[in-house]
Amino acid sequence: MRISFDETIQLLKKGEVVAVPTETVYGLAASLEHLAAIEKIFLLKGRPKANPLIIHIASAQLLKHYVTEFPPGFEELARAFWPGPLTCILPIDPSKIPTIVRAGLLTAGFRIPSFGLTLDLLKQTGPLVMPSANLSGRPSATCPEHIEEDFGKEFPLLEGGNCQRGVESTILLYRESEWVIVRLGALSAVDFFPILGYAPSFQQKRDDLQPLCPGQAFRHYAPKARLFLGNSHEMEKSECVLGFRERIYPNNKRVFLLGSIDDPKEVAYHLYDVLRQLDVEEVENAWIDMNFPKEGLWLTIYERLHRASQ
Ligand code: TXA
Ligand code: MG
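Residues numbered from 1 in each chain as written. Chains lettered and ligands numbered in written order. Predicted model: local features only at pLDDT ≥ 70, side-chain atom pairs only at ≥ 80, totals over all residues. Heavy atoms only, no water.

Draft legend 1. The site of ligand 1, seen in detail. In the vicinity of ligand 1 lie 27 residues, with Thr24, Asn51, His56, Ser169 and Gly215 positioned nearest. Within the side chain of Arg47, an N or O atom sits 2.9 Å from an oxygen atom of ligand 1. Contact between ligand 1 and His56: an oxygen atom at 2.6 Å from a side-chain N or O atom of the residue. Protein burial of ligand 1: of its 690 Å² of free accessible surface, 98% is covered by the chains. Secondary structure elements with two or more residues in the shell around ligand 1: β4 (54-56) and β6 (107-111). No other element matches the four residues that β6 contributes to the shell around ligand 1. (Near = heavy atom within 4 Å. Polar contact = N/O pair within 3.5 Å; in protein donor to acceptor, adjacent residues only side chain to side chain. Areas by Shrake-Rupley, 256 points an atom, 1.4 Å probe, with all protein chains shown as cover. Helix = DSSP H or I, 4+ residues; strand = E, 2+ residues; numbered from the N terminus.)

Laid out in structure tokens, this is it:
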């Protein structure tokens, strides 16, 4: 159910959960002040309690209240990329943030989204936790219809059209004297080079093999269809193809277009919608053209497709 900006503020302040747009993907928002609403998010999504939530704020000034230490380079990152699709994991005072939000960790993820409506909303509501607005394991939601698919037409939703980036924020964590990417996202490693003087590496596990980003350990982004990744022998067997506008695929295959092979931003923008379309059209198996560059934003696309196929 599409609700107005003012109704959204009222519901969030009352302790309700509302789906809210951002520039990356839609989020399921609850006020950081309302524990019952935060618990409801886990129930609604079917989200494991071991997977912490990102806290969304309107201004970096608010961080002082929660964060105990700002790692070197943090201010430069915040100045360069906030508001925007960057989440920073920072050490926090555990008495200031409910355990459920951070899954018991002594850190929390923070982000200032750049979508104007949401930034205005955050100024009115204060900090909001916001996981992506999808059932756990499903592709994230990038338009209002995706939320209706997962949560029904009656679910309260602030309309914001299609999300411009189409994939989630990039998550950075500071460890052993440098920043590392713990979830690939809308910003790529090279985007950080001018600010940090190095391109952060993608690291998934600690030395004891615990994930640096708990969400990476769970099944994700998957449609019901079986996905075959780029092995031409399997293209024969599959019903349809996920591919690029410039390429020619066998005539007898239905083609779902991801976008142009020259434009990873366009592919990221369409990615979850195409994966969700497979379910809407009850496709049982699909072959994905994985012949694209393995660099920049393409790496995020590669990782999402890879995980969707698992
Ligand atoms: O673009 C985005 O980040 C979207 C929009 C709505 O802002 N949100 C989003 O939230 O993708 P979610 O819950 O789907 O993914 C958050 C990820 C999870 O993988 C979680 O494990 C990780 O952030 N995370 C949260 N807190 C963390 C922490 N303290 N340490 C490591 N990873 C953390
Ligand atoms: Mg998610």
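Draft legend 2. Representation of the pattern of salt bridges within the structure. Taken as a whole, this structure holds 22 salt bridges when the rule is applied. Where Arg254 meets Glu281, a salt bridge forms, and the shortest distance between an N and an O atom there is 2.7 Å. Of this pair, Arg254 sits in strand β13 (residues 254-259) while Glu281 sits in the loop between α9 (264-280) and β14 (285-288), and the two are 27 residues apart along the sequence. For Glu281, a relative accessible area of 39% translates into the label partly exposed. (Salt bridge = Lys/Arg side-chain N within 4 Å of Asp/Glu carboxyl O. Buried < 20%, exposed > 50% of the residue type's maximum accessible area, 1.4 Å probe, protein only.)

Draft legend 3. Looking closely at the state of the cysteines. According to the stated counting rule, one finds zero disulfides in the structure shown. Here Cys143 stays free of any disulfide, with the sulfur of Cys163 as its closest cysteine sulfur at 7.9 Å. For the unlinked cysteine Cys240, the closest cysteine sulfur is that of Cys143, found at 19 Å. Relative accessible area serves as the criterion here: at 2%, Cys240 is assigned to the buried category. (Disulfide = S-S within 2.5 Å.)

Draft legend 4. Highlighting the sheet that holds β13. Strand order in the open sheet formed by four strands is β11-β14-β12-β13, and the pairing between neighbours is parallel. Each having just a single partner strand, β11 (226-229) and β13 make up the two edges of the open sheet. Strand after strand, the sheet turns through a mean of 25° between neighbouring axes, direction not considered. For strand β12 (residues 240-244) and β14, the ladder comprises three bridges, and the chain directions are parallel. Directly across from Val241, in β14, lies its bridge partner Trp287. Contacting β11, β12, β13 and β14, α9 crosses the sheet at an angle of about 150° to β13. (Pairing = 2+ DSSP bridges. Axes fitted to C-alpha atoms, helices over the stretch in contact; angles between N-to-C directions. Contact = heavy atoms within 4.5 Å.)

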